[in-house]
Amino acid sequence: MATSISGPPTRTEGAAPTPTPTAAPALAELRPMWRRPVTWAWTALFVVALVVPFLISDYDLFKATRVLTIAIAVAGLNLLIGRAGQISAGHGALYGLGAYTAMILVKELGWAWPGAVLAAVVVSGAAGWLIGLPALRVRGLNLGLLTIAIAAIFPLLLSRFEGLTGGTIGLQLAGSPITPPAALALTPEQFQFLLLVVVLAVVLVLLRNLTTGPMGRAVEALRVNPLMARSEGVDVNRLTLTMFAISSAVAGLGGALGGLVLASTVPDSYSMFFSLTLLSACVVGGSRTWAGSLVGSAFIVYLPDVISQQIGSTTGGQWSQLVYAVALLLTLFFLPAGVAGGAGRWLARLTRRLRRRSHA
Amino acid sequence: MSVAPGPIPRRVVVALAAGSLLLTAACSGRADESSGSGAGSNTGSDEPIVVGMSFPLSGPLSGAAAVADGAAAYFERINAEGGVGGREIDYQVLDDAYDPARQAENARQLVDQEDAGIVLTFGGISSATAPYLNGQKVAHVAFGTQAALSDTDATPYTRGWFPDGSWEGQVVAQHIQDEQPDASVGVLGIANDLTTSQVDGMAAAGLTPDKVLTVPPGVVDLTSQLNELRAAGVDTLFLAVVGPAQPATLRTMANIGYQPTTYLYSAASDLATSVGPAGPENATDAFTAQYFKDPADPRWADDEGVQAFKEDIAEYGDEANADSYLAIEGYGAAAAIVAALEDSGGEGGDAFTEAWDSIDGIDNPAILPDMQLSAGPGSRLVHQYRVLQFDGTSWQDAGDVVDADDLAQG
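Cut-offs applied
Residues numbered from 1 in each chain as written. Chains lettered and ligands numbered in written order. Predicted model: local features only at pLDDT ≥ 70, side-chain atom pairs only at ≥ 80, totals over all residues. Heavy atoms only, no water. Helix = DSSP H or I, 4+ residues; strand = E, 2+ residues; numbered from the N terminus. Buried < 20%, exposed > 50% of the residue type's maximum accessible area, 1.4 Å probe, protein only. Areas by Shrake-Rupley, 256 points an atom, 1.4 Å probe, with all protein chains shown as cover. Core = buried A, V, L, I, M, F, W, Y, C linked by side-chain atoms within 4.5 Å. Domains from an automatic or database assignment. Pairing = 2+ DSSP bridges. Right-handed = clockwise from strand over helix to strand, strands pointing away. Axes fitted to C-alpha atoms, helices over the stretch in contact; angles between N-to-C directions. Patch = residues over 30% accessible without salt bridge, like charges linked within 9 Å, V, L, I, M, F, W, Y side chains within 5 Å. Salt bridge = Lys/Arg side-chain N within 4 Å of Asp/Glu carboxyl O. Expected span 1.5 Å × (residues − 1). Polar contact = N/O pair within 3.5 Å; in protein donor to acceptor, adjacent residues only side chain to side chain. pLDDT = per-residue confidence, 0-100. Contact = heavy atoms within 4.5 Å. Parallel < 35°, antiparallel > 145°, perpendicular 65-115°, else oblique. Left-handed = near helix turned anticlockwise from the far one by under 90°. Nonpolar A, V, L, I, M, F, W, Y, C, P; charged D, E, K, R; others polar.

What follows covers the overall build of chain A. Looking only at helices and strands, chain A features 16 helices and two strands. Per-residue burial for chain A yields a buried fraction of 53% across its 360 residues. When the accessible area of chain A is evaluated, it comes to approximately 16,000 Å², of which 70% is carbon and sulfur surface.

So, about unusual backbone geometry. Residue and element names in this part refer to chain B. Phi at Phe162 is positive, roughly 80°, even though this residue is not glycine. You can see Phe162 is positioned in the loop between β5 (158–161) and α5 (165–179). Look at Asp370: it is not a glycine, yet its phi comes out positive at around 70°. In this structure, Asp370 sits in the loop between β11 (360–362) and β12 (373–374).

Another aspect to go through is the nonpolar core. Membership of the largest hydrophobic core comes to 107 residues, with the highest contact counts inside it found for Phe75, Leu120, Phe143 and Trp161 of chain B. Sorting elements by how many residues they give to this core places helix α12 (residues 325–344) of chain B first, with twelve residues. The residue makeup of this core includes at least three contributed by each of domain 1 (49–163 + 301–379) and domain 2 (166–290 + 386–409) of chain B. By size, the runner-up hydrophobic cluster in this structure holds 99 residues, among which are Val67, Ile70, Ala89 and Val197 of chain A.

On to the pairing of strand β3 (residues 118–122) of chain B. Residues and elements named next belong to chain B. Burial analysis of β3 places five of its five residues in the buried class, the great majority of the element. Every second residue of β3 is oriented toward a common face, with Ile118, Leu120 and Phe122 on one face and Val119 and Thr121 on the other, all of them buried. Bridge analysis of strand β1 (residues 49–55) against β3 gives four bridges, and the strand direction is parallel. Across the sheet, Met53 pairs through a bridge with Leu120, a residue of β3. Where β3 and strand β4 (residues 139–143) come together, five bridges link them in parallel fashion. Bridge pairing in β4 links Val119 to His140. Each parallel crossover has a hand, and the one from β3 via helix α4 (residues 126–135) to β4 is right-handed.

Attention now moves to the sheet that holds strand β14 (residues 395–403) of chain B. Residue and element names in this part refer to chain B. Taken together, seven strands build an open sheet; the order of strands is β7-β6-β8-β9-β10-β13-β14 and the sheet is mixed. Lying at the two open borders of the sheet, with one neighbouring strand each, are β7 (211–215) and β14. Ignoring which end each strand starts from, the neighbouring axes of this sheet average 20° apart. The pairing of strand β13 (residues 384–390) with β14 spans six bridges and is antiparallel.

Before going further, it helps to spend a moment on a nonpolar patch on the surface. Together, Phe46, Val47, Leu50, Val51, Leu55, Val198, Val202 and Leu206 of chain A make up an exposed nonpolar region whose accessible area comes to about 670 Å². Among the elements of the structure, α3 (37–51) and α9 (188–210) of chain A are those that each provide at least two residues to the nonpolar patch.

In this section: α12 of chain B. Residue and element names in this part refer to chain B. Between its first and last C-alpha, α12 extends 29 Å over 20 residues, near the 28 Å set by a 1.5 Å rise per residue. Extensive coverage of α12 is indicated by the burial of 16 of its 20 residues. Two to three positions downstream of the cap, the backbone nitrogen of Leu326 sits 3.2 Å from a side-chain oxygen, assigning the N-cap of α12 to Ser324. Taken from the residues just after α12, Gly345 is the one with a positive phi, measuring 70°.

All names here are of chain B. The five strands are arranged β2-β1-β3-β4-β5 in an open sheet whose pairing can be described as parallel. Edge positions in the open sheet fall to β2 (89–95) and β5, since each of these has one partner strand only. The sheet shows a mean angle of 20° between the axes of neighbouring strands, taken without regard to direction.

Another aspect to go through is the pairing of strand β6 (residues 185–190) of chain B. All names here are of chain B. Along β6, six of the six residues are buried, which leaves the element largely enclosed by surrounding structure. Of the two faces of β6, the one carrying Val185, Val187 and Gly189 and the one carrying Gly186, Leu188 and Ile190 are both buried. As paired elements, β6 and strand β8 (residues 236–240) share five bridges and run parallel to each other. Opposite Val187, over in β8, you have Phe238 as the bridge partner. Alignment of β6 against β7, held across five bridges, turns out to be parallel. Bridged to Val187 within β7 is Val212.

This part takes up the confidence of the model for chain B. Residue and element names in this part refer to chain B. Looking at chain B, pLDDT values average 88 and 88% of them are 70 or higher. Confidence, expressed as mean pLDDT per element, reaches its minimum in chain B at helix α1 (residues 7–28) with 51 and its maximum at strand β9 (residues 261–264) with 97. Confidence drops under pLDDT 50 across residues 1–8; counting only partners more than four residues distant or on other chains, this segment forms 18 contacts. Counting contacts from residues 24–43, a segment whose pLDDT is below 50, to residues more than four positions away or on other chains yields 42 contacts.

Attention shifts here to the confidence of the model for chain A. Mean pLDDT over chain A: 86, with 89% of residues reaching 70 or higher. Taken as a whole, residues 1–26 of chain A scores under 50 in pLDDT and shows 32 contacts with residues more than four places along the chain or in a different chain.

Residue and element names in this part refer to chain A. Remark: helix α5 (residues 91–107) packs on helix α12 (residues 236–262), axes separated minimally by 7 Å, with the N-to-C direction vectors making an angle of 50°. Classified by the angle between their axes, α5 and α12 sit oblique to one another. The chirality of how α5 crosses α12 is right-handed. Note on element contacts: α12 touches α5 through Ser247, Ser248, Ala251, Gly252, Gly254, Gly255, Ala256, Gly258, Gly259 and Leu260, opposite His91, Leu94, Tyr95, Gly98, Ala99, Ala102, Met103 and Val106. Residues that form the contact of α5 with α12 fall into these classes: nine nonpolar, nine polar and no charged.

As structure tokens, this is what we get:
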């Protein structure tokens, strides 16, 4: 966890002093957006994602949609942990708050789902702002503990306020309210997946833009050294609160869409364990890469299932859990910057070596 | 800090993301795209009957895997005997780790891809899966005590196994009122709907406990709660904690010399996991309102149903579950499901729920003698109780069979 707060450790590269690595990114950054390979790669991924729903079954889409809703929340966590250097072990509660807000508005007040989702974003954002208040005084592990407490209390509160939340059995709808308009000949699963692809794309673009430019430099300064940031004229308190609010609003967005797609919200869904799972998705994927949010969510959704299918049984005891834990440990051990971060660094080194060879 | 990702790593990262997305799609994209219409579309006469099961095989409640093991053993036995009307039972067990989202996914997989006509789910989170299965008109048997699972108006395809949690509260309250009308009653339970419903049941029987304490599941040392109950003068205790907390609490009570009249929660009174580990001497004279036989109880050594269970679990399941109360619960449920399937001609959906609701007086290997399964309040099949008392080695009858059907009326 410590690495994610202070950013991934800087690797000592090969001893040969090479001017190219530092120069090359700078040059590439100067290129216009549309000429950068990264833009093209994301566009290609987006196009693939638009085609996928017509190739795979509705069940697989339903599962992939869950990956996307979690990826939205993890992207919010990446902003907070990877960029702003804060920590939250309680994002599962904010995800759940978004889900419950949207669900209550749709089920009890008969709102249309887009309005309910927007309201959920606002409510979660406000809650995140409040959680940010103690973060102004408490940092690092203490903040981690504090947010863990929020994660632990949330399901208890849901069970307590039974009149509003339906208690331990939660709230259910007969079916997901997110249905395709009649004009589009899509199944609900296809529509939900495409909707989530678009929402995630928008979220990632917004978060990326937020963390580049002047705002991005202020956030970077906040992460590296708040004292230095203050001396540079950054309003550290305001920025911290803003980061908490945005990150939480994004988590609430993921939760609202997740809850409405599932058409069910239950306290057991948003346990402390889920918050920690989100945190591990953030770290496993790579908290400083936006692609890491996708990789991390896929990791936490698919891996336990795959393992259970291979070795899970009514008699096998805890083996599937043990294998998952080992996979998690090995990933963190060998890829401390996360799967996306680690693979990115490895390939960067490869291309650099190739370029050097072509220069020679 | 020169770690800000440059464009090259990012490009690579993106390629990786694209790869992972395609890979995940490819991994889970099954070849057969046969999305059935749901409700038991496997109508052919010798097609296997697909029974889907979503159980916590991992996670905090993985102990419940024993329930699935017991059910699977019974299905295997039926298959070995030639199946239901010549049709084999093809049961599929998936792990949900007690995560409602995974259970919902499993339900979709079982219905869409495996073409299950009946889906069994475990626990209170079943209420999250019920709307989907009901929308698909797939028969749903939920292993849970929650009142929501017996609401056959809201979810006409969902049937609850186990009695409703509140009935046990009623039976216990009635027994207390008959035996010691002046008792000062305390409840020590877990902080979820189970204890809430038990206390509601006691209130329905006209008994308001003087003290109700709840702890989160997993808290094992309850010394301070016991002291609080003792200080409040509680002389009759309904002890409804679960898992290792139950035997630990019984031991603590012996250690601190607090010996109220004790009623143990039915599902936490078995010899293998509760009374045995507590030390039988520490549970002697305790009561419980019971409906299932404890396979570890020497009283049932010659019982036909328990013997069949032990043979089947040894042959088809995990022999380590031969003394498991959870496993016999699953075994009994499977027997009830097979009985309903025989009546429905192996069909799920409407035919199955109709067959389930028309069950009226059949024997079951898991329930206590002098009881039978019949569709009762909330379409639950188990609604009879008998208060038992522990004599140091075995649970003996301490009252007559009480039916929740009668309690509901008066």
